[in-house]
Amino acid sequence: MNRRRPIPCSPYHWQPEAKPSSLRYDLLLDGAVRRYPDGREVCQDSPAGWREYKRRLEIMLSRQGHMCCLCDKRIRSLVDATFEHQRRRGMGAAFRDDRIYNPRGEWMNGAAHWVCNGEKG
Ligand SMILES: [Zn+2]
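What you are looking at is a predicted structure, and each value in this text was computed from that prediction instead of being measured.

S.K.: Help me understand the overall build of the chain, please; the structure alone is not making it clear to me.
M.R.: From N to C terminus, the chain includes 3 helices and 5 strands. Out of the 121 residues in the chain, the part that is buried amounts to 16%. Relative to all contacts within the chain whose residues are 6 or more apart in sequence, the contacts with residues 24 or more apart total 49%.

Given below as structure tokens:
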């Protein structure tokens with residue numbers, strides 16, 4: 001038996017371009033953090049992103065013994081601390097990376113006083 005069936009009309013429309021947002025980064029931790037293909041992580045400008053940013057800052061602060069990574073003086077509280085990004089030479093500030101450990105598990109970035117971080121520019 002060779003019954004011909006009509007070709008079903010597909011509701012699926014082929015799209016020439018995928019959404020760029022899904023190609024450029026993955027979202028981690030319920031959307032708090034963007035992860036780029038090169039491994040960088042950036043906390044989102046959202047309440048969840050800020051919570052994660054603060055959490056990472058707190059971890060860095062305690063692993064540094066609450067000392068500023070720039071002036072080596074004590075940071076009294078989390079509100080005085082800011083996320084100090086180590087900038088890789090030649091990469092510029094455009095490549096922000098909010099990771100606190102690199103893929104080898106070594107420390108990355110650090111916590112610094114607001115004033116110290118500001119002075120460095
Ligand atoms: Zn300092």
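S.K.: Please explain the sheet that holds strand β3 (residues 41-43) as it appears in this structure.
M.R.: The strand order β1-β2-β3 describes an open sheet built from 3 strands, whose pairing is antiparallel. Only two strands of the sheet have a single neighbouring strand rather than two, namely β1 (26-28) and β3. Within the sheet, the average angular offset between the axes of one strand and its neighbour, ignoring direction, is 30°. Here strand β2 (residues 33-35) runs beside β3; their pairing, made up of 3 bridges, is antiparallel.

S.K.: I tried to follow the nonpolar core on my own but got confused; where do I start?
M.R.: Considering soluble globular proteins, one finds that nonpolar side chains tend to be buried as a cluster. Listed in full, the 9 residues of the largest apolar core are L57, M60, L61, C68, C69, I75, A81, A111 and A112. Residue contributions to this core peak at 3 residues, all from helix α2 (residues 47-63). The contacts of L61, once residues within four sequence positions are left out, are H66, I75, L78, A81 and A111.

S.K.: Could you clarify how one ought to interpret α2 in this entry?
M.R.: Turn by turn, an α-helix covers 3.6 residues, leaving residues three or four places apart pointing in a common direction. Its 17 residues give α2 an end-to-end C-alpha distance of 25 Å, which sits within 8% of 24 Å, the value for a rise of 1.5 Å per residue. Buried within α2 are the following residues: E52, R56, L57, M60 and L61. Packed against the buried residues of α2 are β2, β3, β4 (81-84) and β5 (110-113). The first or second residue beyond α2 is G65, which carries a positive phi of 65°.

S.K.: What should I look at first to understand the environment of N102 in this one?
M.R.: Mapped onto the secondary structure, N102 falls in the loop between β4 and β5. Residue classification places N102 among the exposed residues on the basis of 12 C-beta atoms within 10 Å. Along the sequence, N102 and G39 sit 63 residues apart, while their C-alpha atoms lie 9.0 Å from each other.

S.K.: So what exactly am I meant to see when it comes to the environment of I100 here?
M.R.: Structurally, I100 is set in the loop between β4 and β5. By the C-beta count within 10 Å, which is 18 here, I100 ends up partly exposed. Each C-alpha atom of the pair I100 and E41 lies 9.4 Å from the other, and the pair is 59 residues apart in sequence. Apart from the residues lying within four places of it in its own chain, the contact partners of I100 are R56, I59, M60, W107, M108 and N109.

S.K.: Explanation requested: unusual backbone geometry in the structure shown.
M.R.: A negative phi holds for most residues other than glycine; trans holds for most peptide bonds. In the Ramachandran plot, H66 falls in the positive-phi region, its phi being about 60° despite a non-glycine side chain. If you trace the backbone, H66 turns up in the loop between α2 and β4. The backbone of N109 shows a phi angle near 60°, a positive value even though the residue is not glycine. If you trace the backbone, N109 turns up in the loop between β4 and β5.

S.K.: Which parts of the structure should I look at to understand the environment of A32?
M.R.: With respect to the helices, strands and loops of the structure, A32 is situated in the loop between β1 and β2. For the pair A32 and R51, spaced 19 residues apart in the sequence, the C-alpha separation amounts to 8.2 Å. Apart from residues lying up to four places away in sequence, A32 is in contact with C43, Q44, A48, G49, R51 and E52.

Cut-offs used in this document
Residues numbered from 1 in each chain as written. Predicted model: local features only at pLDDT ≥ 70, side-chain atom pairs only at ≥ 80, totals over all residues. Helix = DSSP H or I, 4+ residues; strand = E, 2+ residues; numbered from the N terminus. Buried ≥ 20, exposed ≤ 12 C-beta atoms within 10 Å, placed from the backbone. Contact = placed C-beta atoms within 7 Å. Pairing = 2+ DSSP bridges. Axes fitted to C-alpha atoms, helices over the stretch in contact; angles between N-to-C directions. Core = buried A, V, L, I, M, F, W, Y, C linked by C-beta atoms within 7 Å. Expected span 1.5 Å × (residues − 1).

Keep in mind that these numbers describe shape and distance, not what the molecule does.
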